[in-house]
Amino acid sequence: MSPATVPHDLRAAVRVRPADAAWAFAFRAGLAVAVPLVVLIASGHTAWAGVATFGAFTALYGRDEPYRRRAVIVAFSAAGLVASVVMGTLAALAPHPEIVGVAVIALIGGAATLLCNRYRVGPPAGLMFAFAAAVASALPATASSVPRNAALTAAAAAVAWLIVMSGALVAPDAPRRLAVARALRAAAALHTAPAGPPGLQARQQAALAVDRAWRAVAAGRWAAAGASAGPGDELRAEEILVAHAENELSGVHGRSAEVAAELRALAARVGPRGPIPRLRATPAENARIAERRLGASLLRDLPTPGPGTPRRPLWPAAARVAFGALIAGAAAGVLVHVTGLSHPYWAAVSAVAVLQTASLRLSTQKAIQRAGGTIVGLLLAGLVVSIPGGPWMMVAGIVLLQVVAELLVIRNYGLAMLAITPLALLVGELGHQTPPLDLIGDRLVQTVLGSLLGLAAALLVRNRAANRYLAEAVTAVEIGTDALRRDPADPMLEARRLALLVATLREAYDVAAGEPGLQPEITARVLEAEKSARDSLAVLTHPNKAA
């Protein structure tokens, strides 16, 4: 079978992406899980270890974010995980915990998805909150379990927060430098980008990488401005590197193989610490840097969105998660009574996992990855859960699998499921064990069921507003650009509005690109509208370009 005959979603689901800076994050995630497990098992409280693990999952949030933003994201994620465990424990005390548990999973999955999308939290988004509530609802509980589980989760989350933030002591600039290196690599990749719609999407992805780098450098400049001796020279060097990447994105150098090789070589020299490559900025790059500084300062003080600003369609994503979890949990509950299967919450959690994406296309790919990865992962799980050695062997397995999962998840979610599947089984079985064959059979049926029903929810609860939202966003940017060019009475106010509209446009495209019906010409229009807007903003810093 030739690649051209393989469905696009299947090819995307099996594609293995390159990864960088994975080891440090994976090690921290493993350490965050290890500390509470070792303490609790050594003190003879093995039955409490599973609950504490969910506090440790706080370490999975804020990946690659600058440390200031990471501190906030991880802290709020910790609070959300504590709340999820408490709600799950309360569900376990209800007269019909299976029914109430599914409703709680749906509620938490939908609410967490809404909040994570609203505040751009990033992976694993709402999944871990739903998983925490699901397992807590399935554990035996008494009234005293509520404060105890809350305290265990909070203590483990506090340890995870300290571990996650420890990198700031060693390499405080690492997240920013990583964003710069990724922008250089993304621009270099355009040399081999195909023609047509795939090439336009590659340009859009490179534009997103460049924009993330500019935002990271801007955050570093704001932080340095408040310090007595900020690293101004390093930030200037980073700005020149990002401007160099953006020039390639704009086609200034003709996207030659030589320039692509130069960009990759520069990216390789941008490490988490140490010296950074120093280039001499061209006049065009200096102009771009000034424009981007202005844009960052405008976005830092955003005006209140007016009636012409498109609104993000957040509710469809949250609604499809809640709906998918409900129908998957209900179907699993029926199976429990008909076939005798247990762990019905797995189906609801699988539906939530499949739906932690911005679009139908990505949900389809994740359903393929989750179902396929689980089937293969269960073969490994059968070996893992059968290994003798008691709770200490389980702890070693959980920590190892956590590290492996984090190393693989940024490359391919399906590959990560090879580790996530036995990891989830071990976490759920800490302190109370189920026969391995029953456990594996339940997991297989529930995961496939949940993935299919989650995909059905994505089909039924379509984000039909995505394409309309994108069209409104493009039009708003075009109108805002024209307004700024007409010499308005308050140019800075119009510039702030336009900067907000450009940020809104970029986000709208991310969502609409994965929904059916996006035409290739809209991608070209998005790129052109964003370029025109940036050219107009540049006039404010370089008036001689107005002609």
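Predicted model only: the values in this text are computed from it and were never measured. (Residues numbered from 1 in each chain as written. Predicted model: local features only at pLDDT ≥ 70, side-chain atom pairs only at ≥ 80, totals over all residues. Heavy atoms only, no water.)

Got a minute to help me understand the overall build of the protein in this structure?
The secondary structure content of the protein amounts to 22 helices and zero strands. The 547 residues of the protein split such that 53% are buried. Partitioning the contacts of the protein with sequence separation of at least 6, the portion at a separation of at least 24 is 82%. When the accessible surface of the protein is totalled, it reaches about 23,800 Å², and 66% of it is carbon and sulfur. (Helix = DSSP H or I, 4+ residues; strand = E, 2+ residues; numbered from the N terminus. Buried < 20%, exposed > 50% of the residue type's maximum accessible area, 1.4 Å probe, protein only. Contact = heavy atoms within 4.5 Å. Areas by Shrake-Rupley, 256 points an atom, 1.4 Å probe, with all protein chains shown as cover.)

Help me out: how do you make sense of the packing of helix α9 (residues 174–189) against helix α11 (residues 232–249) in this one?
When two helices pack together, their arrangement is given by the angle between their axes and by how far apart the axes lie. At a minimum axis separation of 8 Å, α9 and α11 run at an interaxial angle of 20°. When the axes of α9 and α11 are compared, the pair comes out roughly parallel. Taken as a pair, α9 and α11 cross one another with a handedness that is left-handed. Facing α9, whose interface residues are Arg176, Arg177, Val180, Ala183, Leu184 and Ala187, α11 presents Glu234, Leu235, Glu238, Leu241, Val242, Ala245 and Glu248. Partitioning the contact of α9 with α11 into residue classes produces eight nonpolar, no polar and five charged. (Axes fitted to C-alpha atoms, helices over the stretch in contact; angles between N-to-C directions. Parallel < 35°, antiparallel > 145°, perpendicular 65-115°, else oblique. Left-handed = near helix turned anticlockwise from the far one by under 90°. Nonpolar A, V, L, I, M, F, W, Y, C, P; charged D, E, K, R; others polar.)

Looking at this model, I keep getting lost on the packing of aromatic side chains. Mind explaining?
How two aromatic rings sit relative to each other is set out by the distance from centre to centre and by the angle between their planes. Enumeration according to the criterion identifies three aromatic pairs in this entry. Ring centres of phenylalanine 54 and phenylalanine 57 lie 5.6 Å apart, and the angle between their planes is 85°; on these two criteria the pair is classed as edge-to-face. Residue classification places phenylalanine 57 among the buried residues on the basis of a relative accessible area of 2%. Both rings, one in phenylalanine 54 and one in phenylalanine 131, keep their centres 5.2 Å apart while their planes meet at 85°; by these two values the pair is edge-to-face. Here phenylalanine 54, found in helix α3 (residues 46–56), pairs with phenylalanine 131, found in helix α6 (residues 127–138); they are 77 residues apart in sequence, far enough to count as distant. Accessibility classification places phenylalanine 54 together with phenylalanine 131 in one group, the buried group. The rings of Phe54, Phe57 and Phe131 are connected pair by pair, giving a single aromatic cluster. The ring of tyrosine 67 carries arginine 70 above its face, with NZ or CZ at 4.4 Å from the centroid. (Phe/Tyr/Trp six-rings, centres within 6.5 Å; stacked < 30°, edge-to-face > 60°. Lys NZ or Arg CZ within 6 Å of the ring centre and 35° of its normal.)

Even after reading the chapter, I still don't get the nonpolar core, so can you show me in this structure?
A general tendency of soluble globular proteins is for nonpolar side chains to be buried together. With 62 residues, the main nonpolar core has Phe54, Phe57, Met128 and Phe131 as its most contacted residues. With ten residues, α6 is the single largest residue contributor to this core. Beyond its immediate stretch of four places on either side in the chain, methionine 128 contacts Phe57, Leu60, Tyr61 and Leu81. Formed by 34 residues, the second largest nonpolar core is a distinct cluster that contains Ala186, Ala209, Ala216 and Ala245. (Core = buried A, V, L, I, M, F, W, Y, C linked by side-chain atoms within 4.5 Å.)

Honestly, the pattern of salt bridges in this entry has me stumped. Any pointers?
Oppositely charged side chains can pair when the atoms bearing their charge come close. On inspection of all chains with the given rule, the structure shows nine salt bridges. Of the charged contacts in the structure, one is a salt bridge between aspartate 173 and arginine 176, with a shortest N-O distance of 3.4 Å. Looking at arginine 176, the relative accessible area reads 8%, which means it is buried. When salt bridges with common partners are traced through the structure, they connect Asp173, Arg176, Arg177, Glu234 and Glu238 into a single cluster. (Salt bridge = Lys/Arg side-chain N within 4 Å of Asp/Glu carboxyl O.)

How should the side chain of glutamine 402 be read in this particular structure?
Along the chain, glutamine 402 falls in helix α17 (residues 390–409). On the accessibility criterion, glutamine 402 (2% relative accessible area) is buried.

Even after reading the chapter, I still don't get the packing of α11 against helix α12 (residues 257–269), so can you show me in this structure?
Here α11 crosses α12 at 150°, and the two axes come no closer than 11 Å. Classified by the interaxial angle, the pair formed by α11 and α12 is roughly antiparallel. The element α11 and its partner α12 pack so that their crossing is left-handed. Of the residues in α12, those touching α11 at Leu241, His244, Ala245 and Glu248 are Val259, Glu262, Leu263 and Leu266. A breakdown of the residues in the contact of α11 with α12 according to their chemical character gives five nonpolar, one polar and two charged.

What am I meant to see in unusual backbone geometry here?
Glycine aside, residues mostly have negative phi angles, and peptide bonds mostly take the trans form. Looking along the chain, the bond that leaves proline 123 and enters proline 124 is cis, with omega of -5°. Structurally, the position occupied by proline 124 is in the loop between α5 (97–118) and α6. Although it is not a glycine, aspartate 64 adopts a positive phi angle of roughly 70°. Considering the arrangement of structural elements, one finds aspartate 64 in the loop between α3 and α4 (67–92). Using a relative accessible area of 26% as the deciding quantity, one classes aspartate 64 as partly exposed.

Help me out: how do you make sense of the environment of arginine 280 in this one?
Summarising the element assignment, arginine 280 is placed in the loop between α12 and α13 (283–300). Sequence spacing of arginine 280 and leucine 241 is 39 residues, and the spatial spacing of their C-alpha atoms is 9.6 Å.

Before we go on, may I ask you to explain the confidence of the model for the protein in this structure?
Interpretation of this model should avoid reading the predicted coordinates in detail wherever pLDDT is low. In this model, the protein carries a mean pLDDT of 78, and residues with pLDDT of at least 70 account for 80%. Taken element by element, the protein is modelled with least confidence in helix α1 (residues 8–14), mean pLDDT 65, and with most confidence in helix α7 (residues 145–165), mean pLDDT 95. In this model residues 1–6 is a low-confidence stretch, pLDDT under 50, and it forms three contacts with partners more than four residues away in sequence or in other chains. (pLDDT = per-residue confidence, 0-100.)

Please clarify how the environment of serine 256 should be interpreted in this entry.
By the element assignment, serine 256 lies in the loop between α11 and α12. What makes serine 256 partly exposed here is its relative accessible area of 21%. Through-space distance from the C-alpha of serine 256 to that of leucine 190 is 9.4 Å; in sequence the pair is 66 residues apart. Not counting chain neighbours up to four residues away, the residues in contact with serine 256 comprise His191 and Glu248.

Please clarify how a nonpolar patch on the surface should be interpreted in this entry.
Where nonpolar side chains cluster on the molecular surface, the patch consists of Ile375, Val376, Leu379, Leu444 and Val445 and spans about 420 Å² of accessible area. The set of elements that each furnish at least two residues to the nonpolar patch consists of α16 (360–386) and α19 (436–460). The greatest single-element share of the nonpolar patch, amounting to three residues, is contributed by α16. Relative to the helices and strands, isoleucine 375 resides in helix α16. (Patch = residues over 30% accessible without salt bridge, like charges linked within 9 Å, V, L, I, M, F, W, Y side chains within 5 Å.)

Before we go on, may I ask you to explain α6 in this structure?
Structural remark: α-helix, 3.6 residues per turn; residues separated by three or four positions point the same way. For α6, spanning twelve residues, the distance from its first C-alpha to its last is 17 Å, which sits close to the expected 16 Å at 1.5 Å a residue. The buried fraction of α6 is high, at eleven of twelve residues. Along α6, the positions that sit buried rather than exposed are Leu127, Met128, Phe129, Ala130, Phe131, Ala132, Ala133, Ala134, Val135, Ala136 and Ser137. (Expected span 1.5 Å × (residues − 1).)

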